[in-house]
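Listed below are the residues making up each chain.
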Amino acid sequence: MKSFLSHIKEKYGDGNYEGDQYGGAAGHDGSGLPTDSPGNFMFATGIECSYPTIANGTIRRDLLAETDHYNRYKEDLGLVKELGLKVLRYNLPYYLIHKAPGKFDWEFADKAMAEIRRLGITPILDLMHFGVPDWIGNFQNPELPVHFAEYCGAVARRYPWVRFYTPVNEIYVTARASAKDGIWNEQLKDDRAFITAMKHCAAASIMGNQQIAKYRPDCIIVQSESAEYIHEMRAVPSPEICLINKLRFLSLDLLYAHPLDSEVLLYCLDNGLTRQELDWFMAGEPPGYQIMGNDYYGRNERIIKPDGNWCAAEDVLGWYTMTRQYYERYRKPVFHTETNTFNAKDAECWLWKQWVNVQRIRLDGVPVVGFTWYSLLDQLDWDISLAEKRLAVNACGLYDLDRRIRPVGESYKMMIREFGQITIMPHGEMFEFTSRPATLKVEN
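Residues numbered from 1 in each chain as written. Predicted model: local features only at pLDDT ≥ 70, side-chain atom pairs only at ≥ 80, totals over all residues. Heavy atoms only, no water.

*Asks:* Describe helix H1 (residues 4-12), listing the residues and the values that go with them.
*Replies:* Listed as buried for H1 are Phe-4, Leu-5, His-7, Ile-8 and Tyr-12. Along the axis of H1, the buried residues cluster in a sector spanning 160°; they form a single face. Contacts from the buried residues of H1 go to helix H6 (144-158), helix H8 (191-215) and helix H12 (275-281). Positive phi appears at Gly-13, one or two residues downstream of H1, with a value of about 80°. (Buried < 20%, exposed > 50% of the residue type's maximum accessible area, 1.4 Å probe, protein only. Helix = DSSP H or I, 4+ residues; strand = E, 2+ residues; numbered from the N terminus. Arc of directions from axis to C-beta. Contact = heavy atoms within 4.5 Å.)

See below:
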């Protein structure tokens with residue numbers, strides 16, 4: 001089987017790593033983002049939109065359908081405005097839109113995007129969320145980066161007013177759940193399959209980013225990734241858990257051309273990453289302004305006991321400490337891109353605890369540009385990672401599935417009223433910022 005690089009070269013030619021063809025170069029670290037406008041700190045929510053396949057590909061989970069968003073999208077977008085929010089993490093369902101190479105169905109996307117624009121909401125467009133179209137198959141397909149890049153370019157051409165994107169949501173989680181844990185999509189439990197999915201998803205993100213930047217040169221890429229850690233309660237740490245705690249950085253290392261840890265590098269080379277592919281990833285960052293999104297749930301931290309059983313650690317390190325680890329590694333502006341709790345009684349307290357984390361780390365000089373409660377509505381079956389279609393409600397939304405506001409939604413309103421005037425950079429209002437609108441190439 002040909003590698004993903006072979007398919008990229010067939011599509012785009014040899015190019016060069018410093019150009020705009022297919023290499024990962026010409027990136028930015030986020031400098032140049034506006035800092036002076038009062039109220040430009042990005043308080044956000046998101047509409048849960050996952051669409052992996054389960055049961056050996058026989059069932060497609062689509063949370064937009066299961067929460068009735070396709071029918072109630074205007075109502076849902078109105079709730080975003082009701083909360084006082086200006087920013088929304090929003091997905092255009094890749095598996096439904098991209099029908100075949102060069103063929104797209106924009107019917108729902110056009111209606112939803114028109115309403116978002118009418119309401120004056122700033123979307124952070126999420127273009128791949130845990131699944132691919134049936135005709136692509138799964139994340140083992142080396143043609144994925146080329147096909148996905150075509151889709152990203154088509155989206156950027158169709159909606160040239162959009163500046164913020166998340167090309168591939170949670171690359172590490174996507175690869176792990178699909179190819180290592182055996183839950184979704186290809187449902188494999190294999191190290192080589194995991195690295196294959198990882199490199200294909202990371203390459204797809206880079207290629208998609210390249211295509212977006214061709215039509216929106218000032219694009220801002222908010223890379224949502226899960227911040228995770230395992231606390232191993234053994235006197236002598238096991239090599240397996242030590243490696244897992246290092247692999248949590250792999251997706252961002254590949255995206256941001258950060259040198260791999262020696263143990264991780266050997267693991268990747270042993271499981272199918274070639275030297276040519278590594279050189280491609282290490283050539284440089286993608287174009288546009290890069291923001292590191294750190295998703296944090298209490299269940300992201302786990303404790304493994306001496307007998308091998310697990311329990312939730314919830315907030316031992318917390319978002320503050322874990323985000324400092326990621327920030328010190330990559331030195332990117334930070335966005336708290338996801339958080340919630342499944343216990344509705346604890347949700348208000350959890351919201352304020354997360355905001356305390358954000359304020360504390362900003363005081364320490366880490367540039368945090370946004371905060372997200374995820375999601376707008378209650379979710380379904382995320383307590384079992386969508387592994388079965390039980391349709392059990394997870395009461396983690398700002399609104400329930402009848403679109404009635406929850407106490408955490410009222411608390412979020414309070415937070416926005418109190419802190420909605422703050423700037424991306426603390427005290428950034430003292431700086432002057434002047435910009436000229438970018439000249440966009442738009443193809444009708």
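*Asks:* Quick one: what's the story with the pattern of salt bridges, residue by residue and with numbers?
*Replies:* Per the stated rule, a full pass over the model turns up 30 salt bridges. Note that Glu-66 and Arg-61 form a salt bridge whose closest N and O atoms lie 2.8 Å from each other. With a relative accessible area of 18%, Glu-66 lands in the buried category. In this structure, Arg-72 engages Glu-75 in a salt bridge whose closest nitrogen and oxygen atoms are separated by 2.9 Å. Of the two residues, Arg-72 and Glu-75 both sit in helix H3 (residues 69-82), three residues apart, roughly one turn of that helix. Arg-72 sits in the partly exposed class, given a relative accessible area of 23%. Here the salt bridges do not stand alone but share partners, grouping Arg-61, Glu-66, Asp-381 and Lys-389 into one network. (Salt bridge = Lys/Arg side-chain N within 4 Å of Asp/Glu carboxyl O.)

*Asks:* Give a detailed account of the sheet that holds strand E13 (residues 310-312), specifying residues and quantitative values.
*Replies:* One open sheet accounts for three strands, arranged E10-E12-E13; its pairing is mixed. Single-partner strands in this sheet number two, and they are strand E10 (229-232) and E13. Averaged over all neighbouring strand pairs, the angle between strand axes comes to 30°, with direction disregarded. With four bridges connecting them, E10 and strand E12 (residues 301-304) associate as parallel partners. For His-231, the partnering residue across the bridge sits in E12 and is Ile-303. Its contacts with the sheet place helix H9 (residues 239-247) against E10, E12 and E13, and it is angled at close to 155° to E10. (Pairing = 2+ DSSP bridges. Axes fitted to C-alpha atoms, helices over the stretch in contact; angles between N-to-C directions.)

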